[in-house]
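As a plain string of letters, each chain reads:
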Amino acid sequence: KVSCAKNLLLSDSFKKWTSEKPGAANASVILQLESEQQITGVDIGNNGSAFVEVLVANSANDSEFENLIVMSSFMTPTESRSQTNKFKIRMFGKDDLCKQTADKKWDRVKIVCTQPYNK
């Protein structure tokens, strides 16, 4: 099932994760890590989102989500409408992460995907 977010956790699978409703303007998923981790990089394989952002939080103090990767472009409006280059991969290293959040440890990761150009 493509809309199943647990596909994101399967290391031996190449299944994609999409919104449950085709054509949704946005979709998000929250991953709960087993323990607090300092995140030094994130690789994102896109599946048709124009923009993706990654936020982090800490469950121990029920903190609000903070930006780790600000909303980043994965597809132009033209690519979105023509459904080209929808599987772009971007790698964000330590220098690409928001410094104030990258220096701390987190156990929740929220991925937000947005596609405002396809209605």
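All values derive from a computational prediction rather than experimental measurement.

Participant: Now, about the overall build of the chain: what can you tell me, with residues and values included?
Facilitator: Of the regular secondary structure elements, the chain holds two helices and six strands. Seen in sequence order, the chain has helices and strands lined up from the N terminus as β-β-β-β-α-β-α-β. Its C-alpha atoms give the chain a radius of gyration of 15 Å, within 12% of the compact-globule value 14 Å for 119 residues. When the backbone C-alpha atoms are referred to their principal axes, the chain occupies close to 40 × 30 × 25 Å. Classification of the 119 residues of the chain by burial places 36% in the buried group. Within the chain, residue pairs in contact and separated by at least 24 positions form 70% of the contacts whose partners lie at least 6 positions apart. Surface exposure of the chain reaches about 7600 Å², of which carbon and sulfur atoms provide 52%. Both charge centroids of the chain, one from 16 positive and one from 14 negative side chains, sit 8 Å from each other.

Participant: Any chance you could break down the packing of aromatic side chains for me, citing the residues and the numbers?
Facilitator: Counted according to the given criterion, the structure contains two aromatic pairs. Ring plane angle 50° and centroid distance 6.1 Å describe the contact between Phe-51 and Tyr-117, whose orientation is recorded as tilted. You can see Phe-51 sitting in strand S3 (residues 51-57) and its partner Tyr-117 sitting in the segment after strand S6 (105-114), a full 66 residues away along the chain. Given a relative accessible area of 18%, Phe-51 falls into the buried group. Seen from their ring centres, Phe-74 and Phe-92 are 6.4 Å apart, and the 50° between their planes marks the pair as tilted. In this pair, Phe-74 sits in the loop between strand S4 (66-73) and helix H1 (77-82) while Phe-92 sits in strand S5 (residues 89-92), placing the two residues 18 residues apart along the sequence. Of the two residues, Phe-74 and Phe-92, both sit in the buried class. Against the face of Phe-74 rests Arg-90, its NZ or CZ located 5.4 Å from the ring centre. For the cation-ring pair, Lys-110 lies above Phe-65, with the distance from its terminal atom to the ring centre recorded as 5.5 Å.

Participant: Could you give an account of the side chain of Asp-107, with specific residues and numbers?
Facilitator: When you line up the elements, Asp-107 lands in strand S6. One buried charged residue, Asp-107, remains without a salt bridge, the closest side chain of opposite sign being Arg-108 at 5.0 Å. There is a polar contact of 2.5 Å between the side chain of Asp-107 and the side chain of Ser-59. Those residues in contact with Asp-107 that lie beyond four places of it in its chain are Leu-31, Gln-32, Leu-33, Ser-35, Glu-36, Ala-57, Asn-58 and Ser-59.

Participant: Pulling in residues and values, what's your account of the environment of Cys-98?
Facilitator: When you line up the elements, Cys-98 lands in the loop between S5 and helix H2 (99-102). On the basis of relative accessible area, Cys-98 is assigned to the buried category, the value being 17%. Measuring from C-alpha to C-alpha, the distance between Cys-98 and Glu-66 comes to 9.2 Å, with 32 residues separating the pair along the chain. Among all residues touching Cys-98, those that are not within four sequence positions of it are Asn-67, Leu-68 and Val-70.

Criteria and thresholds
Residues numbered from 1 in each chain as written. Predicted model: local features only at pLDDT ≥ 70, side-chain atom pairs only at ≥ 80, totals over all residues. Heavy atoms only, no water. Helix = DSSP H or I, 4+ residues; strand = E, 2+ residues; numbered from the N terminus. Rg over C-alpha atoms; globule rule 2.2 N^0.38 Å. Buried < 20%, exposed > 50% of the residue type's maximum accessible area, 1.4 Å probe, protein only. Contact = heavy atoms within 4.5 Å. Areas by Shrake-Rupley, 256 points an atom, 1.4 Å probe, with all protein chains shown as cover. Lys, Arg positive; Asp, Glu negative; His and termini not counted. Charge placed at Lys NZ, Arg CZ, Asp CG, Glu CD. Phe/Tyr/Trp six-rings, centres within 6.5 Å; stacked < 30°, edge-to-face > 60°. Lys NZ or Arg CZ within 6 Å of the ring centre and 35° of its normal. Salt bridge = Lys/Arg side-chain N within 4 Å of Asp/Glu carboxyl O. Polar contact = N/O pair within 3.5 Å; in protein donor to acceptor, adjacent residues only side chain to side chain.

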